[in-house]
Amino acid sequence: MKLKVLGCYGGNIPGHGMTSLLVNDTVALDAGWVSSALSLREQVKVKDILISHSHLDHTCSLPFLIDNNFSHPGFNLRIYALREVVASMKNHLFNNLTWPDFTSLPNDMTPVLKLIAVEPEQPFTINGLTLTAIPVSHIVPTAGFIVEDKKGAIAFSSDTGPTERFWEVVNKVKKLKAVITETSFPNALQDLAHVSGHLTPATLDPELRKLKRDVPVFLYGAKPKHLKVIKDEVQSLKRRNLRFLVQGKTYQF
Ligand SMILES: [Zn+2]
């Protein structure tokens, strides 16, 4: 599986603050930085996007991805998310106020955008990938995703505070090659992490004890202002196989 990091916070570079991963050039996990990170030619290949939750740092490039490619022959986009997340995007993003409702454009019969609700823990397939949404513990309804192909699988928690079911499911994934999870705030901002449903290095450590598999863990989501402190605190956990996701890098799993 080819995984390109389009956006993952992590520094004073374009795309900081945004989250988006691209699998095999065609399926995106979250869409904080798709239209900005990809050329127009690359953008039209992205036909399917899994959205973990409605927060803008995971969705804000969707309007421009559609707008940029709306008139491209045959362009259409399918967005998969939990039912509550679909409702939020319909009510607050594609609502004909914030942005046009592309689920009925150019017409109701052949819309350019389809919003597809997925059930937790019910696998579905796209382009040879098997995908499963697992609810996690953020301040809005949020799912992490398991992404599997014939060669391997990765697990992406998306934004979450301490959580349980995600790790239980991840521990059973055959061919698991990597886990991607978050660490948003330094330990000094633990209270803020707690009320906003995020992890600090101090709460990451017990989360990683729930992972019973010996695979590399990649971190995203460090707030750019606190990146150096977060990196130092993660380093002091002295965990083997724990590293930060690198924006712009392509990984093979
Ligand atoms: Zn969030």
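Everything below is about the structure shown above.
Residues numbered from 1 in each chain as written. Predicted model: local features only at pLDDT ≥ 70, side-chain atom pairs only at ≥ 80, totals over all residues. Heavy atoms only, no water.

Considerations on the overall build of the chain
Alright, step 1. Counting its regular elements, the chain contains 8 helices and 14 strands.
Alright, step 2. Computed over C-alpha atoms, the radius of gyration of the chain comes to 17 Å, within 12% of the 18 Å expected from 2.2 N^0.38 for 253 residues, which places it in the range of a compact globule.
Alright, step 3. Taking the principal axes of its C-alpha atoms as reference, the chain extends roughly 55 × 35 × 30 Å.
Alright, step 4. Counting only residues that meet the buried cut, the chain has 55% of its 253 residues in that class.
Alright, step 5. Look at the contacts in the chain between residues 6 or more apart in sequence, and 60% of them connect residues 24 or more apart.
Alright, step 6. Carbon and sulfur atoms make up 55% of the accessible area of the chain, which amounts to about 11,300 Å² in all. (Helix = DSSP H or I, 4+ residues; strand = E, 2+ residues; numbered from the N terminus. Rg over C-alpha atoms; globule rule 2.2 N^0.38 Å. Buried < 20%, exposed > 50% of the residue type's maximum accessible area, 1.4 Å probe, protein only. Contact = heavy atoms within 4.5 Å. Areas by Shrake-Rupley, 256 points an atom, 1.4 Å probe, with all protein chains shown as cover.)

Topic: the pattern of salt bridges
Alright, step 1. For the structure on display, the rule yields 12 salt bridges.
Alright, step 2. Two residues, Asp101 and Lys90, come together in a salt bridge whose shortest N-O distance is 3.7 Å. One end of the pair, Asp101, is in the loop between α4 (83-92) and β6 (113-118); the other, Lys90, is in helix α4, and 11 residues separate them in sequence.
Alright, step 3. Its relative accessible area of 36% is what places Lys90 among the partly exposed residues.
Alright, step 4. Bridged by salt links that share partners, the residues Glu121, Arg165 and Glu168 form one connected network. (Salt bridge = Lys/Arg side-chain N within 4 Å of Asp/Glu carboxyl O.)

A look at the coordination of the zinc ion
Alright, step 1. For the zinc ion, the full set of protein donor atoms is His53 (NE2), His55 (ND1), His138 (NE2) and Asp159 (OD), and the range of their distances to it is 2.2 to 2.4 Å.
Alright, step 2. Around the zinc ion, the 4 donor atoms sit at angles spanning 93 to 166 degrees, and that spread fits a shape best called irregular.
Alright, step 3. Positions of the donor residues of the zinc ion, expressed as sequence spacing, correspond to H-x1-H-x82-H-x20-D. Here His53, found in the loop between β4 (48-50) and α2 (56-59), pairs with His138, found in the loop between β8 (129-135) and β9 (143-148); they are 85 residues apart in sequence, far enough to count as distant. In this structure, His53 and His138 share a single accessibility class: buried. (Donors = N, O, S within 2.8 Å, 3.2 Å for Na, K, Ca; no water. Tetrahedral: all angles 85-135°; square planar, octahedral: opposite > 155°, others 65-115°.)

Re the sheet that holds β9
Alright, step 1. Read across the open sheet, the 7 strands follow the order β7-β8-β9-β10-β11-β12-β13; overall the sheet is mixed. Edge positions in the sheet fall to β7 (124-126) and β13 (242-244), since each has one partner strand and no second. The mean inter-strand angle of the sheet, taken between neighbouring strand axes irrespective of direction, is 25 degrees.
Alright, step 2. As defined by bridge partners, strand β11 (residues 176-182) adjoins strand β12 (residues 217-220) across 4 bridges and the pair is classed as parallel. What sits directly across from Thr181, in β12, is Leu219. (Pairing = 2+ DSSP bridges. Axes fitted to C-alpha atoms, helices over the stretch in contact; angles between N-to-C directions.)

A closer look at the sheet that holds strand β1 (residues 2-8)
Alright, step 1. On the basis of which strands lie adjacent, the open sheet formed by 7 strands has the order β6-β5-β4-β3-β2-β1-β14 and mixed pairing. The sheet is open, and its two edges are formed by β6 and β14 (250-252), each paired on a single side. For this sheet, the mean angle separating the axes of adjacent strands, direction not counted, is 25 degrees.
Alright, step 2. Its contacts with the sheet place helix α3 (residues 62-69) against β4, β5 (77-82) and β6, and it is angled at close to 165 degrees to β5.
Alright, step 3. α4 rests against β5 and β6 of the sheet, and its axis sits at about 125 degrees to β5.

Section: the pairing of β6
Alright, step 1. Here β5 runs beside β6; their pairing, made up of 6 bridges, is parallel. Each residue of the ladder has a partner; that of Arg78, found in β6, is Lys114.
Alright, step 2. Taken together, β5, α4 and β6 form a β-α-β motif whose crossover is right-handed. (Right-handed = clockwise from strand over helix to strand, strands pointing away.)

Focus on the pairing of β12
Alright, step 1. Of the two faces of β12, the one lined by Val217 and Leu219 and the one lined by Phe218 and Tyr220 are each fully buried.
Alright, step 2. Relative to β13, β12 runs parallel, the two being bridged by 3 bridges. Each residue of the ladder has a partner; that of Leu219, found in β13, is Phe244.
Alright, step 3. Handedness of the β12-helix α8 (residues 227-235)-β13 crossover: right-handed.

Considerations on the environment of Leu176
Alright, step 1. Secondary-structure assignment places Leu176 in strand β11.
Alright, step 2. For the pair formed by Leu176 and Leu113, sequence separation is 63 residues and the distance between their alpha carbons is 32 Å.
Alright, step 3. Once residues within four sequence positions are removed from consideration, Leu176 is found in contact with Ala153, Ile154, Ala155, Val170, Arg213 and Val215.

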